[in-house]
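# Working through the structure, step by step
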Amino acid sequence: MATCIAIIGKDNTPLYLAISDMDKELDLQYRVHAALDVIEEKCSSSTKMNIESKELYLGLLYSTDNQKIYGYITNTKVKFIVVVDSGNVALKESEIRTMFRNLHILYTDAICNPLFSPGEPITSKKFDKCVRNILERQ
C-alpha cells in the first residue's frame, strides 16, 4: 500500500504531498527529501549517457526496512515520489508504473486549469480526492 505520494517542482519545492498516516508525516517528509538527492544523481548520470526520453521512470530509488521509495520525473523536471510499505510484496513493477502514469495524468489535468498559477502548490479538492483514491487502491 502506498503511504505517501509527493509531487516536487523543478526547483525542489513541494507542490503536493499526500500521506495516509499523519503520525508518520515527519518521517515520510524526510524520506521524500532524501529521495530528491537520489533522483538528482540518477538524472545526472543519465544525461551523461545522452539518454533522451520524454518521461523518465526511475524505478526503485532506495529501500529501507519498512518502505520502498519509487521515483518518476517528467521532461519539465517535475518529480513524482511514491513511498510504499515494504510488506506489500504483491505490488508489481507494472502497478507502480500505472500509478505514476495515473498521477501524471491527474497532475497534467490540474495544471492545465486556466486558474492555476505555475509553481504554486496544488490545492484542488478534485485532485486531492483522486490522489487519495490512488493511495487507498494500492
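To start, this report covers the structure provided alongside it. Keep in mind the model is a prediction, meaning the values are calculated, not measured. (Residues numbered from 1 in each chain as written. Predicted model: local features only at pLDDT ≥ 70, side-chain atom pairs only at ≥ 80, totals over all residues. Heavy atoms only, no water.)

### Some details on the packing of helix α2 (residues 93-111) against helix α3 (residues 125-137)
- Between α2 and α3, whose axes approach to 10 Å, the crossing angle comes to 175°. Viewed along their axes, α2 and α3 adopt a mutual orientation that is roughly antiparallel. Contact with α2, carried on its side by Met99, Asn102, Leu103, Leu106, Tyr107 and Ala110, involves Phe127, Cys130, Val131 and Ile134 of α3 and no other residues of that element.
- The residue inventory of the contact of α2 with α3, partitioned by class, reads 9 nonpolar, 1 polar and no charged. (Axes fitted to C-alpha atoms, helices over the stretch in contact; angles between N-to-C directions. Helix = DSSP H or I, 4+ residues; strand = E, 2+ residues; numbered from the N terminus. Parallel < 35°, antiparallel > 145°, perpendicular 65-115°, else oblique. Contact = heavy atoms within 4.5 Å. Nonpolar A, V, L, I, M, F, W, Y, C, P; charged D, E, K, R; others polar.)

### Looking at the packing of aromatic side chains
- This model, assessed by the stated rule, comprises 5 aromatic pairs.
- With a centroid separation of 5.6 Å and 85° between ring planes, the pair formed by phenylalanine 80 and tyrosine 107 is classed as edge-to-face. Here tyrosine 107 lies in helix α2 and phenylalanine 80 lies in strand β5 (residues 79-85), a separation of 27 residues in the sequence.
- One aromatic cluster is present, built from ring pairs that chain together Tyr57, Tyr72, Phe80, Phe100 and Tyr107. (Phe/Tyr/Trp six-rings, centres within 6.5 Å; stacked < 30°, edge-to-face > 60°.)

### As for the pairing of strand β2 (residues 14-19)
- Two strands pair when backbone bridges link them, and strand β1 (residues 2-8) and β2 are joined in this way by 5 bridges, in the antiparallel orientation. Residue pairing in the sheet places alanine 6 in a bridge with leucine 17 of β2.
- Counting the residues that bridge the hairpin from β1 to β2 gives 5 residues, and of these asparagine 12 lies at a positive phi of roughly 60°. (Pairing = 2+ DSSP bridges.)

### Topic: the layout of surface pockets
- Estimated volume of the largest pocket: approximately 250 Å³.
- Lining the largest pocket are 13 residues, and of these Lys10, Leu15, Tyr107, Pro118 and Gly119 sit closest to its centre.
- Split into classes, the residues belonging to the lining of the largest pocket amount to 6 nonpolar, 4 polar and 3 charged. (1 Å grid on protein atoms, 1.4 Å probe; cavity = no way out; pocket = protein on both sides within 12 Å on 5 of 7 lines; lining within 4 Å. Points joined across faces, edges and corners; volume = space filled by probe spheres on them.)

### What to know about the pattern of salt bridges
- For the structure shown, the criterion picks out 2 salt bridges.
- Residues aspartate 27 and arginine 31 are paired through a salt bridge, measuring 3.7 Å at the closest nitrogen-oxygen approach. Placement of both aspartate 27 and arginine 31 in helix α1 (residues 25-48) is noted, with a separation of 4 residues, approximately one turn of the helix.
- Residue aspartate 128 is joined to arginine 132 by a salt bridge in which the shortest nitrogen-to-oxygen separation is 3.6 Å. Within this pair, aspartate 128 and its partner arginine 132 are both found in helix α3, separated by 4 residues, close to a single helical turn.
- Using a relative accessible area of 29% as the deciding quantity, one classes arginine 132 as partly exposed. (Salt bridge = Lys/Arg side-chain N within 4 Å of Asp/Glu carboxyl O. Buried < 20%, exposed > 50% of the residue type's maximum accessible area, 1.4 Å probe, protein only.)

### Re α3
- Over its 13 residues, α3 extends 18 Å from the first C-alpha to the last, a length consistent with the 18 Å expected when each residue adds 1.5 Å.
- Turning to α3, its buried residues number three or more, namely Phe127, Val131, Ile134 and Leu135. Down the axis, α3 shows its buried residues gathered within 100° of arc, on one side only. Exposed and oriented more than 90 degrees from the buried face of α3 are Lys125, Lys126, Lys129, Glu136 and Arg137.
- As for α3, its buried residues are in contact with β1, β2 and α2.
- The backbone nitrogen of lysine 126 has a side-chain oxygen 3.4 Å away, supplied by the residue at the start of α3, namely serine 124. (Expected span 1.5 Å × (residues − 1). Arc of directions from axis to C-beta. Polar contact = N/O pair within 3.5 Å; in protein donor to acceptor, adjacent residues only side chain to side chain.)

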